[in-house]
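# Architecture and fold: a report
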Amino acid sequence: MTSIVILISGRGSNMEAIVKTAQKDAWPAKIAAVISNRPDASGLDFARSHGIPVAVLDHKDFKDRTEFDHKLAELIDSYSPDLVVLAGFMRILTGDFVRHYEGRLLNIHPSLLPLFPGLHTHEQALAAGVAEHGATVHFVTEALDHGPMVIQASVPVLPGDDADLLAKRVLKQEHIIYPRAVRWFIDNRIFIDQGRVLVNPPESQLLVSQDK
Ligand code: GRF
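Residues numbered from 1 in each chain as written. Predicted model: local features only at pLDDT ≥ 70, side-chain atom pairs only at ≥ 80, totals over all residues. Heavy atoms only, no water.

## A closer look at the site of the ligand
Note the following rule: The near set for a molecule or strand comprises every residue that places at least one heavy atom within 4 Å of it. Any N or O atom pair separated by 3.5 Å or less is treated as a polar contact, with the protein-specific requirement of one donor-capable and one acceptor-capable atom, and with residues adjacent in sequence counted only for side-chain atom pairs. Just so you know the grouping, Ala, Val, Leu, Ile, Met, Phe, Trp, Tyr, Cys and Pro go in nonpolar, Asp, Glu, Lys and Arg go in charged, and all remaining residues, Gly too, go in polar.
In the neighbourhood of the ligand, the contacting residues comprise Arg11, Gly12, Ser13, Asn14, Gly88, Ile108, Pro110 and Glu174. The backbone of Asn14 places a nitrogen or oxygen atom 2.9 Å from an oxygen atom of the ligand. In the shell around the ligand, the residues fall into 2 nonpolar, 4 polar and 2 charged.

## Some details on the pattern of salt bridges
A side chain of one charge can pair with a side chain of the opposite charge if their charged atoms are brought near each other. Put simply, the test is: Definition used for salt bridges: Asp or Glu carboxyl oxygen within 4 Å of a side-chain nitrogen of Lys or Arg. Starting at the N terminus, helices and strands are each numbered in turn, a helix being any DSSP run of H or I of at least four residues and a strand any DSSP run of E of at least two. Think of it in three bands: residues with accessible area under 20% of the maximum for their type are buried, residues over 50% are exposed, and the middle band is partly exposed, with areas taken using a 1.4 Å probe on protein chains only.
Taken as a whole and assessed by the stated rule, the structure comprises 13 salt bridges. When the shortest N-O distance is used, the salt bridge between Arg38 and Asp40 registers 3.5 Å. Of the charged contacts, one joins Glu142 and Arg99 as a salt bridge, the two residues approaching to 2.5 Å between their closest N and O atoms. With Glu142 in the loop between β6 (132-139) and β7 (149-156) and Arg99 in helix α4 (residues 95-100), this pair connects stretches of sequence that are 43 residues apart. With relative accessibility at 44%, the residue Arg99 sits in the partly exposed group. Several salt bridges converge on common partners, so that one network encompasses Lys63, Asp64 and Glu67.

## Things to note about the domain arrangement of the protein chain
Formally: For every domain, the bounds stem from an assignment made automatically or drawn from a database. It only takes one pair of heavy atoms within 4.5 Å for two residues to be counted as in contact. Two parts lose some accessible area (1.4 Å probe) when they are put together, and adding that loss for both gives the buried area.
Each domain of the protein chain was delimited in the assignment, giving domain 1 (1-101) and domain 2 (109-212). Taking only C-alpha atoms into account, the centre of domain 1 sits 20 Å from that of domain 2. Each side of the interface is counted separately: domain 1 has 22 residues, and domain 2 has 14 residues. Interface area for domain 1 against domain 2, summed over the two sides, is near 1500 Å², with a carbon-plus-sulfur share of 72%.

Now the structure itself:
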């Protein structure tokens, strides 16, 4: 039984998609806890209502990033997870933290990495005038929004799009690819070879959506 801890900072819709898929498909996994760095994260309500243990560690209570990350790792490790899933967790993590979870720390970023790391990815995509945009699930390394990519989803950028419309189109795909990546991890199908993720048996690591 794979034990999973999910970290959120807000709405938690990706966490919700993972929890719902886990329940629907009876994953051989347990969501051991949902942890938020913000006491008011609305995603916590969903987790509570699904009987998932929740914990809050408010970063504002700590003097610096190192101290916060240290406590956060202690809290996470108290659940002995095999996998830690960042789902809209809006904190830059220290090198020590990232190294501690090497190979078992996943993130989702709302762009086709390596394009548009950082914040405001939908605005960045519109400003760049790209014809497609999307999202990436990747293992976390010390470089921000970088690391071996597990799966990507692309969506078209359409005339008349604004950042909100584009974000919605991307989010719908996030809710498909994140549960899929986590399931691959649970089923031991993911291998990292020279920085590249291989899925065994092979399955497409790119989902191309034509959704409007
Ligand atoms: C998602 O777009 C995710 O890719 C990004 O932050 C957003 C979080 O949304 N990292 P939610 O909290 O999962 O609804």
